[in-house]
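Okay, here's what each chain looks like letter by letter:
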Amino acid sequence: MTAGTGMPGTPEPRDVPEGTVVLGASDVARALTRIAHEIVERAKGAQDVVLLGIPTRGVTLAARLAQRLASIDPAFDPERDLGELDVTMYRDDLRRQPTRAVGVTRLPAAGIEGKTVVLVDDVLFSGRTIRAALDAIGDLGRPQAVRLACLVDRGHRELPIRPDFVGKNLPTAQTERVRVLLAEVDGTDAVVISGREPGAVLPGEGSDR
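Residues numbered from 1 in each chain as written. Predicted model: local features only at pLDDT ≥ 70, side-chain atom pairs only at ≥ 80, totals over all residues. Heavy atoms only, no water.

Asks: Describe in detail the packing of helix H1 (residues 25–43) against helix H2 (residues 57–72), supporting the description with residues and values.
Replies: Their axes nearest at 9 Å, the elements H1 and H2 cross at an angle of 60°. Taken as axis vectors, H1 and H2 run oblique relative to one another. Of the two possible hands of crossing, H1 and H2 adopt the one that is right-handed. Here Val 28, Ala 29, Leu 32, Thr 33, Ile 35, Ala 36, His 37, Ile 39 and Val 40 of H1 lie close against H2, whose contacting residues are Leu 61, Arg 64, Leu 65, Arg 68, Leu 69 and Ile 72. Across the contact of H1 with H2, the residue classes break down as 11 nonpolar, 2 polar and 2 charged. (Axes fitted to C-alpha atoms, helices over the stretch in contact; angles between N-to-C directions. Helix = DSSP H or I, 4+ residues; strand = E, 2+ residues; numbered from the N terminus. Parallel < 35°, antiparallel > 145°, perpendicular 65-115°, else oblique. Left-handed = near helix turned anticlockwise from the far one by under 90°. Contact = heavy atoms within 4.5 Å. Nonpolar A, V, L, I, M, F, W, Y, C, P; charged D, E, K, R; others polar.)

Asks: Would you mind going over the sheet that holds strand S5 (residues 145–153) in detail, with residue names and values included?
Replies: Pairing is parallel in the open sheet, where 5 strands are placed in the order S3-S2-S4-S5-S6. A strand with exactly one partner marks an edge of an open sheet, and here the two such strands are strand S3 (82–84) and strand S6 (165–169). Looking at each pair of strands side by side, their axes are set apart by 25° on average, direction ignored. Strand direction decides the pairing type here: strand S2 (residues 49–53) and S3, joined by 3 bridges, are parallel. From the neighbouring strand, Gly 53 faces S3, where its bridge partner is Glu 84. Sheet contacts for H1: S2, strand S4 (116–124), S5 and S6; angle to S6, the most-contacted strand, approximately 150°. Together, S2, S3, S4 and S5 form the strand contacts of H2, whose direction differs from that of S4 by roughly 130°. (Pairing = 2+ DSSP bridges.)

Asks: Quick one: what's the story with the sheet that holds strand S8 (residues 190–194), residue by residue and with numbers?
Replies: Whenever strands of a sheet pair, they do so through backbone hydrogen bonds, lying parallel or antiparallel. Here 3 strands make up an open sheet; going across it, the order is S1-S8-S7 and the pairing antiparallel. Strands with a single pairing partner mark the edges of an open sheet, and in this sheet they are strand S1 (20–23) and strand S7 (177–181). Averaged over all pairs of adjacent strands, the angle between their axes in this sheet comes to 30°, without regard to strand direction. Relative to S8, S7 runs antiparallel, the two being bridged by 5 bridges. Pairing of Arg 179 across the sheet is with Val 192, part of S8.

Asks: Outline the side chain of Asp 81, supporting the account with residue identities and numerical values.
Replies: Here Asp 81 lies in helix H3 (residues 78–81). Residue class for Asp 81 comes out buried when judged on its relative accessible area of 1%. When near neighbours in sequence (up to four residues on either side) are disregarded, Asp 81 contacts Val 49, Val 50, Leu 51, Ala 75, Phe 76, Pro 108 and Ala 110. (Buried < 20%, exposed > 50% of the residue type's maximum accessible area, 1.4 Å probe, protein only.)

Below you can see the structure in the form of structure tokens.
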């Protein structure tokens, strides 16, 4: 596509950053569709489900999941059941990074009281962001249950936190970097891992579960 031919407000496609592409656009789409079906199945319907995206790309992923949930179960309304949760002030590294910008928390119109809240994030790593999200939710209401959906689980957990819904389990080394690119933000959909030694294959790689 040449410059200027995209839809208004849509970033132009960009080159994928250097590294190994482990998920392409079709893989990301399939993973999100599968996660949406698993959410509905686990909750036995989506009538009491609300989604909270964690900035930044978790918000975009949550919006995509919301559309999929609505197509599976019309009881889910993206206008009513979708929100975003900023966890900045609940992070345990705030004292080390005091200039971190505070984002926006926007609760779903349906609220979270008595609901099944599904936190949505792009990459699960140490678990500290999710711990902060749980603390934030505790100050906002009392949901019936809190679950976690992430596109990529790269391991190396520092806290006893695990996702309920995963697009891809991706074994990584601590020195490697995992980037999730989304068309709404980056102009393309991909998951890219960089910093990996050429030819290196980690145990379990290739499984999407």
